Amino acid sequence: MSAHTSLSGNRLLCFFICFILSSTLFGCLENTRVRKRVPRDVVNEKRWFIHDNPSHPESKVYLAELDEFDFDRATRKHTARAYRKYLEYHYTGKYFRRARYWWERLTYQEALESKDPGALEEILKRFPEGWFKAPANVDIQKSEYEALRGKDEVASYRAFIAKYKNARSEWTEAATQRLERLLLDAAKASSDVLDLERYVFDNPLSLYLPEAKDALRAARFEGAMRSEKEADWKAFIRRFKGSEEAALMQQHMEARALEGAERSGRVAALEQFLERYPNSVHKKRILSSINKMAQERNRQVHRWVRVENAEVEVYKKPKCKSCRPYLRAHGTLHNTDPDFSFDVGLQVELIRNGEKCCRTRHWLRGLRPGESRPFSFPIRGKSPKGGSPAPRYALEVISGSAYRNPEEERIMEIEGLGGRGKGPQSDRFAPVRVPNLK
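Conventions adopted
- Residue numbers run consecutively from 1 along every chain, following the written order of its sequence.
- Local features in this predicted model are restricted to residues whose pLDDT is 70 or higher, and side-chain atom pairs enter the listing and the counts only when it is 80 or higher, whereas totals over whole chains, interfaces and linings include all residues.
- Derived side-chain values reflect all non-hydrogen atoms in the structure, with water molecules and hydrogen atoms excluded from consideration.
- Numbering of helices and strands runs from the N terminus; a helix is a DSSP stretch of H or I covering at least four residues, while a strand is a stretch of E covering at least two.
- Relative accessibility under 20% of the residue-type maximum defines a buried residue, over 50% an exposed one, and the middle range a partly exposed one, all with a 1.4 Å probe and only protein chains included.
- In what follows, residue pairs with any heavy atoms lying within 4.5 Å of each other are defined as contacts.
- Throughout, the Shrake-Rupley method with a 1.4 Å probe supplies accessible areas, and for residues the shown protein chains are the sole cover considered.
- Within this document, salt bridges are pairs made up of a side-chain nitrogen of Lys or Arg and a carboxyl oxygen of Asp or Glu, the two lying within 4 Å of each other.
- By the criterion applied in these results, polar contacts are pairs of N or O atoms within 3.5 Å in which, for protein atoms, one can donate a hydrogen and the other can accept it, and in which residues neighboring in sequence qualify only through two side-chain atoms.
- Here, a strand pair is defined by DSSP locating no fewer than two bridges between the strands.
- To obtain an axis, a line is fitted to C-alpha atoms, over the contacting stretch when the element is a helix, and the angle between two such axes runs from 0 to 180 degrees between their N-to-C directions.
- Stacked, edge-to-face and tilted are the three classes for Phe, Tyr and Trp ring pairs, Trp counted by its six-membered ring, which pair at centre distances within 6.5 Å; planes under 30 degrees apart are stacked, over 60 edge-to-face, the rest tilted.
- Comment: arc refers to directions from the helix axis out to C-beta atoms.
- Geometric relationships in this document are graded by angle, where less than 35 degrees denotes roughly parallel, more than 145 denotes roughly antiparallel, 65 to 115 denotes roughly perpendicular, and other angles denote oblique.
- Whether a crossing is left-handed or right-handed is set by the direction in which the near helix is turned from the far one by less than a right angle, anticlockwise for left-handed and clockwise for right-handed.
- The nonpolar class holds Ala, Val, Leu, Ile, Met, Phe, Trp, Tyr, Cys and Pro. Asp, Glu, Lys and Arg form the charged class, and all remaining residues, Gly among them, are polar.
- We define the nonpolar core as a collection of buried residues of types Ala, Val, Leu, Ile, Met, Phe, Trp, Tyr and Cys that are connected through side-chain atoms lying within 4.5 Å of one another.

1. Section: the overall build of the protein
For step 1, the next point in the chain: Helix and strand counts for the protein stand at 16 helices and six strands.
For step 2, the next point in the chain: In the protein, which comprises 438 residues, the proportion classed as buried is 37%.
For step 3, the next point in the chain: If you take every contact in the protein between residues at least 6 apart in sequence, the share linking residues at least 24 apart comes to 59%.
For step 4, the next point in the chain: Of the roughly 28100 Å² that the protein leaves accessible, carbon and sulfur atoms contribute 54%.

As structure tokens, then:
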């Protein structure tokens with residue numbers, strides 16, 4: 001009985017040890033199998049890198065590598081689906097035209113093999129100008145194209161395309177694509193706007209049309225920036241509205257407009273600038289400057305309003321024997337300010353025996369910018385005797401109130417502001433010193 005029990009215990013112990021060893025070995029094999037299940041996919045990593053970093057310099061290198069890899073894979077499979085996948089990912093790829101050719105041709109063949117009239121009609125609608133028939137001399141075209149690649153000349157590609165214009169194939173499409181590339185490179189190297197314009201006009205279906213338009217926009221931008229004409233700046237903004245260069249040109253126009261307005265020394269020019277650019281970052285500074293200029297004119301009105309040809313005379317109404325003579329001051333007030341109108345106060349004092357007396361004040365309102373207005377008013381005091389000379393006097397501008405009246409000012413033309421009609425250029429204005437804005 002004891003021997004049987006001991007034998008059973010040994011069997012259980014051996015079974016337990018075998019179970020542990022088996023579990024350990026199976027776990028190791030399972031871990032090894034899991035690790036081998038997920039190999040590193042370098043191609044997929046490059047695709048994700050391009051997707052996450054489209055503007056990174058290495059993305060262009062990876063994209064060129066994937067272009068070769070994907071086209072090689074598509075040619076090995078040689079199905080319409082494989083070429084379509086290549087075109088979806090490499091819509092600006094090196095083999096775009098050749099892949100499109102085979103995609104259309106194989107799609108057409110699949111429609112023929114399906115013997116479905118509806119499928120064939122759909123293909124014809126989808127590719128109305130497709131290449132559905134393989135030319136008989138496709139092998140000759142291939143050999144000639146390979147020879148052309150050695151020369152890589154524009155004239156050779158043009159001759160090849162003209163020779164086989166009625167027998168289009170993947171090789172004529174490859175030659176067309178290479179010709180377009182060479183023509184664009186030559187136009188970009190010349191930096192001639194006319195060459196780029198011609199390329200865009202002559203190659204509306206080119207694979208490189210977006211690149212050509214970018215180069216044309218850059219060339220036009222450089223030319224407009226060198227120009228001193230506002231019409232060129234506006235033409236560029238209209239043509240390339242919404243582009244980054246158009247925004248830069250708008251900033252350039254604003255800067256030149258502010259420069260012209262400040263150089264003119266005219267409040268009208270500054271107000272015209274704010275009317276054109278109401279959200280300018282310089283708005284507060286300009287409004288502060290205008291306010292200070294108005295305050296300065298109120299304090300020093302005599303600098304801007306001048307008295308000309310003033311005199312005091314003994315005046316008697318003609319043909320009136322009973323009217324007594326009286327003293328009258330007359331002359332001309334000239335507003336030299338080109339921007340502000342003034343309400344002006346004049347004061348006249350007689351000087352007798354070295355003392356001032358008979359103070360008289362007179363107001364003139366609405367003296368427009370640049371206006372010269374005559375004035376005449378009687379003076380307080382005793383009427384002079386007949387034949388006696390007029391007394392000495394002192395006449396001066398004692399006060400004034402400046403205000404803006406845009407409707408009565410001269411229409412002006414400021415660079416970058418366009419103006420509202422004919423008027424002198426900004427450089428013709430006599431500069432007026434603007435108070436320090438700091």
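2. Looking at unusual backbone geometry
Glycine aside, negative phi is the norm for most residues, and most peptide bonds take the trans geometry.
For step 1, the next point in the chain: Located in the positive-phi region is asparagine 309, a residue other than glycine, with phi close to 55°.
For step 2, the next point in the chain: If you trace the backbone, asparagine 309 turns up in strand β1 (residues 305-315).
For step 3, the next point in the chain: One non-glycine residue, cysteine 358, adopts positive backbone phi at about 50°.

3. Description of the pattern of salt bridges
For step 1, the next point in the chain: Across all of its chains, the model carries 36 salt bridges by this definition.
For step 2, the next point in the chain: The closest approach of N and O atoms between arginine 181 and glutamate 211, which form a salt bridge, is 2.8 Å. A residue pair is termed long-range when its members are at least 10 positions apart, and arginine 181 in helix α9 (residues 170-190) and glutamate 211 in helix α11 (residues 209-226) qualify at 30 residues.
For step 3, the next point in the chain: Look at arginine 181 and you get buried, because its relative accessible area is 14%.
For step 4, the next point in the chain: Taken together, the shared-partner salt bridges in this structure form one network comprising Arg97, Arg168, Glu173 and Glu180.

4. Things to note about the side chain of arginine 97
For step 1, the next point in the chain: Looking at where arginine 97 falls in the secondary structure, it is placed in helix α5 (residues 96-114).
For step 2, the next point in the chain: In terms of polar contacts, arginine 97 uses its side chain to reach the side chain of glutamate 173, at 2.8 Å.
For step 3, the next point in the chain: Beyond its immediate stretch of four places on either side in the chain, arginine 97 contacts Glu173, Thr176, Gln177, Glu180, Leu205 and Ser206.

5. Brief notes about the sheet that holds strand β4 (residues 355-367)
For step 1, the next point in the chain: The strand order across the open sheet built from three strands is β4-β3-β6, with neighbouring strands paired in antiparallel fashion. Looking at the sheet topology across the chains shown, the edges are occupied by β4 and β6 (392-404). Strand-to-strand twist in this sheet, taken as the mean axis angle between neighbours without regard to direction, amounts to 15°.
For step 2, the next point in the chain: As defined by bridge partners, strand β3 (residues 340-352) adjoins β6 across twelve bridges and the pair is classed as antiparallel. Within β6, the residue paired with glutamine 347 across the bridge is glutamate 396.

6. A few points about the packing of aromatic side chains
For any pair of aromatic rings, geometry is given as the distance between the ring centres together with the angle between the planes.
For step 1, the next point in the chain: Applying the stated criterion across every chain yields a total of ten aromatic pairs.
For step 2, the next point in the chain: Measuring from ring centre to ring centre gives 5.7 Å for tyrosine 145 and tryptophan 171, while their planes differ by 40°; the resulting arrangement is tilted. With tyrosine 145 in helix α7 (residues 138-151) and tryptophan 171 in helix α9, this pair connects stretches of sequence that are 26 residues apart.
For step 3, the next point in the chain: Since its relative accessible area comes to 9%, tyrosine 145 is described here as buried.

7. Structural notes on the pairing of β4
For step 1, the next point in the chain: Bridge count for β3 against β4 is nine bridges, and the pairing is antiparallel. Note on β4: the bridge partner recorded for leucine 346 is histidine 362.
For step 2, the next point in the chain: Counting the residues between successive antiparallel strands, the hairpin from β3 to β4 contains two residues, one of them, asparagine 353, with a positive phi of roughly 55°.

8. What to know about helix α4 (residues 80-89)
Helical geometry note: an α-helix holds 3.6 residues per turn, so side chains three or four residues apart project in the same direction.
For step 1, the next point in the chain: Turning to α4, its buried residues are Ala80, Ala82, Tyr83, Tyr86 and Leu87. What you see down the axis of α4 is that its buried residues fit within an arc of 165°, all on one side. In α4, the exposed positions that point more than 90 degrees away from the buried face belong to Arg81 and Glu88.

9. Some remarks on the packing of helix α10 (residues 193-202) against α11
Packed helices, taken two at a time, are described by their axes: the angle between them and the distance between them.
For step 1, the next point in the chain: At their nearest, the axes of α10 and α11 sit 9 Å apart, and the two run at 150° to each other. Between α10 and α11, the crossing angle belongs to the class labelled roughly antiparallel. Note on packing geometry: the crossing formed by α10 with α11 is left-handed. Across the interface between the two elements, Val193, Leu196, Glu197, Tyr199 and Val200 from α10 touch Leu209, Ala212, Lys213, Ala215, Leu216, Ala219 and Arg220 from α11.
For step 2, the next point in the chain: Residue classes in the contact of α10 with α11 are distributed as nine nonpolar, no polar and three charged.

10. Things to note about the environment of glutamate 110
For step 1, the next point in the chain: In this structure, glutamate 110 sits in helix α5.
For step 2, the next point in the chain: For the pair glutamate 110 and isoleucine 123, spaced 13 residues apart in sequence, the C-alpha separation works out to 9.9 Å.

11. Quick word on the nonpolar core
For step 1, the next point in the chain: Membership of the largest hydrophobic core comes to 42 residues, with the highest contact counts inside it found for Leu333, Phe342, Val344 and Leu346.
For step 2, the next point in the chain: For this core, the element with the highest residue contribution is β3, accounting for six residues.
For step 3, the next point in the chain: With residues near it in sequence (within four places) discarded, leucine 333 still touches Val305, Arg306, Val307, Val344, Leu346, Leu364, Leu367, Glu371, Ser372, Arg373, Phe375 and Val397.
For step 4, the next point in the chain: Residues Trp102, Leu106, Tyr108 and Leu209 belong to the second largest nonpolar core, which totals 31 residues.

So yeah, pure geometry; function would need other evidence.
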